Amino acid sequence: MLSLAKPDLLRNQAYANGQWIDGDTGEATEVFNPATGELVGSVPKMSAAQTQAVIAQADTAYRSWKKLTAKERCALLRKWFDLITANADDIAKIMTAEQGKPLTEAKGEVGYAASFIEWFSEEGKRTYGDVIPSPTGDKRLVVVKEPIGVCAAITPWNFPAAMITRKAAPALAAGCSMIVRPADATPLTALALAVLADEAGIPAGVFNVITGKSRVLGGELTTSPVIKKLSFTGSTEVGRVLMEQCSPTLKKLSMELGGNAPFIVFEDADLDAAVAGAIASKYRNAGQTCVCTNRLYVHDKVYDAFAEKLAKAVGQLKVGNGTEEGVTQGPLIDNAAVNKVEEHIEDALSKGARTLFGGKRLPLGDNFFEPTVLADVTQDMLIAREETFGPVAPLFRFSSDDEVIQMANDTEFGLASYFYSKDISRVWRVAEALEYGMVGINTGIISNEVAPFGGVKQSGFGREGSHYGIDEYMSLKYLCMGEI
Ligand SMILES: NC(=O)C1=CN([C@@H]2O[C@H](COP(=O)(O)OP(=O)(O)OC[C@H]3O[C@@H](n4cnc5c(N)ncnc54)[C@H](OP(=O)(O)O)[C@@H]3O)[C@@H](O)[C@H]2O)C=CC1
Ligand SMILES: O=C(O)[C@H](O)CS(=O)(=O)O
């Protein structure tokens, strides 16, 4: 049993229209600790009819919520931010129990999640429109921004708090209501956020967390004409399905999908900095983030030195239960994730790659895998084309800028990319040539609340965070006044 300072943060009911509710299917989804296999909690399986009722209630709530001033809405968001910050330790414990990430990372994610609420509690007061100089003397032209309406979010298990607030905060700040359907594996963190939204005084029906079968609830959220916006974070495959389901009702969409990030080490790179950046980018959340480095391209002249340094640094990582002191890598989310890691490693080795470190499951539990470094990896291997979503760093060689840019761009994905070089001319040339939504230059960590997060190509579209993020939840209205 989790030891929480605020035990009522751990819920076994869904939260809708300001009420804690059971599912009318009479069934529940159990939530298990990926490190120990222990039961952490359970959540109800709501029905399609219940989901439809939540959508109707969220529509009613939206019509009142949008009438508050931005300042009034943002004051409530600020209270939510303050409560999350005050309860960060408890939320982190719940997150580590259901997702597995080390407590230090979980605490960091709670701060990251709260930062979106803080940011949009400020941005919400700056949704400025335009006054346009009229082309004719008898007219006056004005553009105003308006909340788009009832919104839905379908979120993944890898960031159980931040992927929710990165969507709910701008939506609520803009004057929308929001229905979140979190992943079955990690619903408890989302429900803890709902406890605090309720305590902050966010009105009933404005922020809702529903639980149940993804296809059943997602089927209602994507097809209801009342839902005007869907924001999804997850795999590209599912993103395509949801986009198709949303098309009859022409919803506004944000799609934060899969990645295949290149990490390029040029011959003039600071190798120690590059190793630190590679560790940060590759092994965060045990490699289970969409912006994790998936391929490392190292110039021939520094390949051996970098490989040796990286393997040594990876050997310092401590794998274990996220609640243990000093653990830097927890378990993967489930056995399927471990199987995918093994498949990528076995394929690479069978085609000529070498293991520099790791490469095996750990006897700590079903979902633990060694942080791994592979050498002599080539573009024909699975690991070059598919997102591993696990703690494996494959090293590729290159000998020229043109060659590595071609290899880095040789993917259907375009989310995050990284490179290390001290040559300012090369920095600009490579940054402009990389076909990605985000480029980390001499850093492996690029995510924050003030910058636009998102991708191109098959990594999706739309931007989250930054001053762009709130426009995803608003629409423009043009007022044309004649007879002046
Ligand atoms: N671009 C980004 O920011 C991110 C991208 N991803 C990508 O997602 C993948 C890993 O995350 P993962 O959670 O497994 O991704 P999935 O796409 O499988 O799941 C994401 C969410 O969608 C739900 N879902 C799945 N199928 C459907 C459906 N048919 N209808 C409605 N909802 C559905 C899942 O529910 P449930 O799990 O309960 O079945 C989950 O809540 C990787 O490819 C990763 O790169 C992940 C995180 C961030
Ligand atoms: O879902 C993810 O992987 C996150 O978007 C990555 S980040 O925003 O935490 O970097």
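Conventions we followed
- Residues numbered from 1 in each chain as written.
- Chains lettered and ligands numbered in written order.
- Predicted model: local features only at pLDDT ≥ 70, side-chain atom pairs only at ≥ 80, totals over all residues.
- Heavy atoms only, no water.
- Phe/Tyr/Trp six-rings, centres within 6.5 Å; stacked < 30°, edge-to-face > 60°.
- Helix = DSSP H or I, 4+ residues; strand = E, 2+ residues; numbered from the N terminus.
- Buried < 20%, exposed > 50% of the residue type's maximum accessible area, 1.4 Å probe, protein only.
- Domains from an automatic or database assignment.
- Contact = heavy atoms within 4.5 Å.
- Buried area = accessible area lost by both parts, 1.4 Å probe.
- Polar contact = N/O pair within 3.5 Å; in protein donor to acceptor, adjacent residues only side chain to side chain.
- Nonpolar A, V, L, I, M, F, W, Y, C, P; charged D, E, K, R; others polar.
- Salt bridge = Lys/Arg side-chain N within 4 Å of Asp/Glu carboxyl O.

## Concerning the packing of aromatic side chains
Then, in step 1: According to the stated counting rule, one finds nine aromatic pairs in the structure shown.
Then, in step 2: Each ring, one from Tyr15 and one from Trp20, has its centre 4.9 Å from the other, and the planes form 50°; the classification is tilted.
Then, in step 3: Plain terms: the ring middles of Phe266 and Phe398 are 5.6 Å apart, the flat faces sit at 80° to each other, and that makes the pair edge-to-face. Here the residue Phe266 occupies a position in the loop between β12 (261–265) and α9 (271–283), and Phe398 occupies one in strand β16 (residues 392–398), the gap between them amounting to 132 residues.
Then, in step 4: Residue classification places Phe266 among the buried positions, given a relative accessible area of 0%.
Then, in step 5: An aromatic cluster is present here, built from Phe263, Tyr418 and Tyr420 joined pairwise through their rings.

## Considerations on the domain arrangement of the protein
Then, in step 1: Split into domains, the protein comes out as domain 1 (7–257 + 459–479) and domain 2 (261–441).
Then, in step 2: For domain 1 versus domain 2, the distance between C-alpha centres works out to 31 Å.
Then, in step 3: Contacts between the two partners involve 22 residues from domain 1, matched on the other side by 25 residues from domain 2.
Then, in step 4: For the domain 1 face of the interface with domain 2, the top three residues by lost area are Pro34, Trp157 and Ser459, together amounting to 28%.
Then, in step 5: Between domain 1 and domain 2 we count eight residue pairs in polar contact (both at pLDDT 80 or more) in total.
Then, in step 6: For the side of domain 1 that touches domain 2, the secondary structure elements donating two or more residues are α3 (88–99), α4 (103–123) and α8 (236–246).
Then, in step 7: A per-class count over the side of domain 1 that touches domain 2 returns eight nonpolar, eight polar and six charged.

## A closer look at the pattern of salt bridges
Then, in step 1: Under the definition given, this model contains 28 salt bridges.
Then, in step 2: One salt bridge in this structure joins Asp471 and Lys145, with 3.0 Å as the shortest N-O distance. Taken together, the residues span a long stretch of sequence, with Asp471 in the loop between β21 (460–461) and β22 (474–481) and Lys145 in strand β6 (residues 140–147) at a distance of 326 residues.
Then, in step 3: We classify Asp471 as partly exposed; its relative accessible area is 30%.
Then, in step 4: With a closest N to O distance of 3.0 Å, Asp184 and Arg181 form a salt bridge.
Then, in step 5: The exposure class assigned to Asp184 is partly exposed, which follows from its relative accessible area of 32%.
Then, in step 6: Taken together, the shared-partner salt bridges connect Glu267, Asp268, Asp401, Arg426 and Arg429 into one network.

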